[in-house]
Amino acid sequence: MADFDFDVLVIGAGPGGYVAAIRAAQLGLKTACAESRETLGGTCLNVGCIPSKAMLHASEYYDAAANGAFAKLGIKVTPELDLDTMHGQRKDAVKQLTGGIEFLFKKNKVEWLKGLGTFTGPNTVKVGDRTVTAKNIVIATGSSVTPLPGVEIDQKVVVDSTGALELPRVPEHMVVIGGGVIGLELGSVWRRLGAKVTCVEFLDQILPGFDGEVRKESNKILKKQGFEFKLGTKVTKVDVNGGKATLTMEPAKGGAAETLEADCVLVSIGRRPNTEGLGLDKIGLQLNQRGQIETDHDFRTKAAGVWAIGDVIPGPMLAHKAEDEGIAVAENIAGLTGIVNHDVIPSVVYTWPEIAGVGLTEEQAKEKGEVKVGKFPMLANSRAKTNHEPDGFVKVIADAKTDRVLGVWCIASVAGTMIAQAAQAMEFGATSEDIAYTCHAHPTHSEAIKEAAMAVAGKPIHI
Ligand code: FAD
Ligand code: NAD
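Residues numbered from 1 in each chain as written. Chains lettered and ligands numbered in written order. Predicted model: local features only at pLDDT ≥ 70, side-chain atom pairs only at ≥ 80, totals over all residues. Heavy atoms only, no water.

Caption draft 1: Local environment of the packing of helix α3 (residues 49-66) against helix α7 (residues 181-192). Where α3 contacts α7, the two axes come as close as 9 Å, and the packing angle between them is 35°. The hand of the α3/α7 crossing is left-handed. On α7, the residues touching S52, K53, M55, L56, S59, E60, Y62 and D63 of α3 are E185, L186, S188, V189, W190, R191 and R192. Considering only residue class, the contact of α3 with α7 consists of six nonpolar, three polar and six charged. (Axes fitted to C-alpha atoms, helices over the stretch in contact; angles between N-to-C directions. Helix = DSSP H or I, 4+ residues; strand = E, 2+ residues; numbered from the N terminus. Left-handed = near helix turned anticlockwise from the far one by under 90°. Contact = heavy atoms within 4.5 Å. Nonpolar A, V, L, I, M, F, W, Y, C, P; charged D, E, K, R; others polar.)

Caption draft 2: A look at the domain arrangement of the protein. Partitioning the protein into domains gives domain 1 (6-144 + 272-333), domain 2 (158-269) and domain 3 (347-456). Look at where the C-alpha atoms of domain 2 and domain 3 centre, and you get two points 29 Å apart. In this assembly, 18 residues from domain 2 lie in contact with 19 residues from domain 3. Taken together, both faces of the contact between domain 2 and domain 3 bury some 1,500 Å²; the carbon and sulfur share is 61%. Considering only the side of domain 2, the residues that lose the most area to domain 3 are F210, D211 and E213, jointly responsible for 34% of the buried surface there. Joining domain 2 to domain 3, the criterion identifies four salt bridges. In this structure, the salt-bridge partner of D391 is K224, at a minimum N-O distance of 2.9 Å. (Domains from an automatic or database assignment. Buried area = accessible area lost by both parts, 1.4 Å probe. Salt bridge = Lys/Arg side-chain N within 4 Å of Asp/Glu carboxyl O.)

Caption draft 3: Looking closely at the site of ligand 1. Residues in contact with ligand 1 amount to 38 residues; listed here are only the nearest, E35, T43, K53, G117 and A319. Contact between ligand 1 and T43: an oxygen atom at 2.6 Å from a side-chain N or O atom of the residue. Backbone polar atom of M317 to an oxygen atom of ligand 1: 3.2 Å apart, as the coordinates give it. When isolated, ligand 1 has an accessible area of 1,000 Å², and the protein chains bury 93% of it. (Near = heavy atom within 4 Å. Polar contact = N/O pair within 3.5 Å; in protein donor to acceptor, adjacent residues only side chain to side chain. Areas by Shrake-Rupley, 256 points an atom, 1.4 Å probe, with all protein chains shown as cover.)

Caption draft 4: A look at the site of ligand 2. Around ligand 2 there are 22 residues in total, and I182, E185, E201, G270 and V348 lie nearest to it. At 2.6 Å from an oxygen atom of ligand 2 is found a side-chain nitrogen or oxygen belonging to E201. In this structure, a nitrogen atom belonging to ligand 2 sits 2.7 Å away from a main-chain N or O atom of V348. Burial of ligand 2 by the surrounding chains reaches 79%, relative to a free accessible area of 850 Å². Listing elements by their share of the shell around ligand 2, those giving two or more residues are α7 and β12 (233-241). By residue class, the composition of the shell around ligand 2 is 14 nonpolar, five polar and three charged.

Caption draft 5: Main features of the pairing of strand β22 (residues 405-412). Across the eight residues that make up β22, a large majority, seven, are buried. In the sheet, strand β19 (residues 354-359) pairs with β22 via six bridges, with the strands oriented antiparallel. Among the inter-strand pairings, A356 is bridged to a residue of β22, identified as C410. (Buried < 20%, exposed > 50% of the residue type's maximum accessible area, 1.4 Å probe, protein only. Pairing = 2+ DSSP bridges.)

Caption draft 6: Summary view of helix α8 (residues 212-224). An ideal rise of 1.5 Å per residue puts 18 Å on 13 residues; α8 measures up with 19 Å between its terminal C-alpha atoms. Buried within α8 are the following residues: V214, R215, S218, N219, I221 and L222. Contacts from the buried residues of α8 go to α7, β11 (228-230), β19, β21 (393-399) and β22. For α8, the side-chain oxygen to backbone nitrogen distance between the N-cap and E213 is 3.1 Å, and the N-cap itself is D211. Among the residues trailing α8, G226 stands out with phi positive, at a value near 120°. (Expected span 1.5 Å × (residues − 1).)

Here it is, written out as structure tokens:
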């Protein structure tokens, strides 16, 4: 058998790639990871999950101080925005966490090959000036922003998510194109800091993929906070002149065009897999219609010795999905059994309140058979009520015959934390009764999950 430089070469050091590399090294495999960015951690740590949460966290406090939430608690303050310091703490979080991955690579003896990786043949990849061979190669190249035809991103007036994280001043009017996760999170940041925010969404409701009732209620709550929505509307053109943008929009189903003025436009209409320049033709690997690399259940591609994980393969583009696939692929390469249950991947939108879900939506569950649904409003949860957090609800969807939990959806200040117990329960095949009879600490927001589970059988206590 041929000698290889490495047992495993991972291309891309995002949450999929760096986790795969560390796990492979932990399993005793000689491992390298190619990354073309200056720092490790991929989209998530550099320009995604982490910096967006740094800005969401800081702007949430500013909003609470500026818009009366602190005053309600008996804290009188008149906040002054120091945007430079806010950006500084964002950059610091990114620096510390990306540096942390570099430390973990050293600790686990993962070699970082700096540069863009390109296949030059089977088992062979050129990274910068160096060509290396590996018995197993994991493609974890992630995704980048989907461009909108007719709209040029200049990162000044028209920005993508990376530009929207770094705006040097608060826009007067920000128009967000796309009412998905990025549009709502980054739109929230700038609305809280004082911008008027209008969200233009092609579909007739925001947050595609989420439970129908959750989409509707989220829309209502965000509107109450000051978001303006233009649903069922598509942007066809953005003209920039003298630092101002003029958007041309049309009803999605046809009709007269209208225009809208803004001093900042965020393009957030989705992300697409990174495969350009990878040299996939050198290993005979084709993409599917959506430009993704297809794999089998073990994350093997059709090319021998080549595996793929994360945003570059089908499935939700989420960091924790990529991480779990990273662990599974390394374990499969090492001859163990690595499995990801793609039916139980939680999804969280870090707005205020947070919006979270796992498993099937009510609509999807009903398509598969008869269901029972239990709902509990956060208004009736003692902790949420005490904290002046009345918005939202929890919904538990169970199979009508077996009572097995099929999906859980929450809108609550800490929905992202609450959804973990639902995911774990579903992973263990729990029934709604199992959740209802599990003792939950009082007073916690999580009690709303227990009550929603009790409501499946029609017996919640507090409503
Ligand atoms: P990536 O993180 O995209 O990493 C791929 C890496 O590969 C990149 O660093 C890239 O430079 C490198 N690369 C690409 N091609 C090559 C090559 N040929 N050679 C060498 N290196 C290469 N997800 C969540 O779960 N929670 C969140 O809160 C969240 N917030 C987000 C906020 C924003 C603004 C954005 C944009 C995304 C967010 N996401 C979030 C999505 C999350 O960032 C992605 O799902 C995740 O990063 C995907 O991980 P990955 O490892 O597949 O790819
Ligand atoms: P998205 O797919 O979540 O939303 C894009 C939205 O744009 C959709 O609602 C779509 O209907 C709309 N749209 C498409 N074309 C349009 C047009 N021409 N005019 C108006 N609207 C249009 O995409 P995103 O918000 O860009 O996020 C990209 C990815 O990043 C997502 O897959 C998401 O999972 C991930 N992400 C996750 C988090 C999180 O987990 N909290 C945060 C940010 C990003």
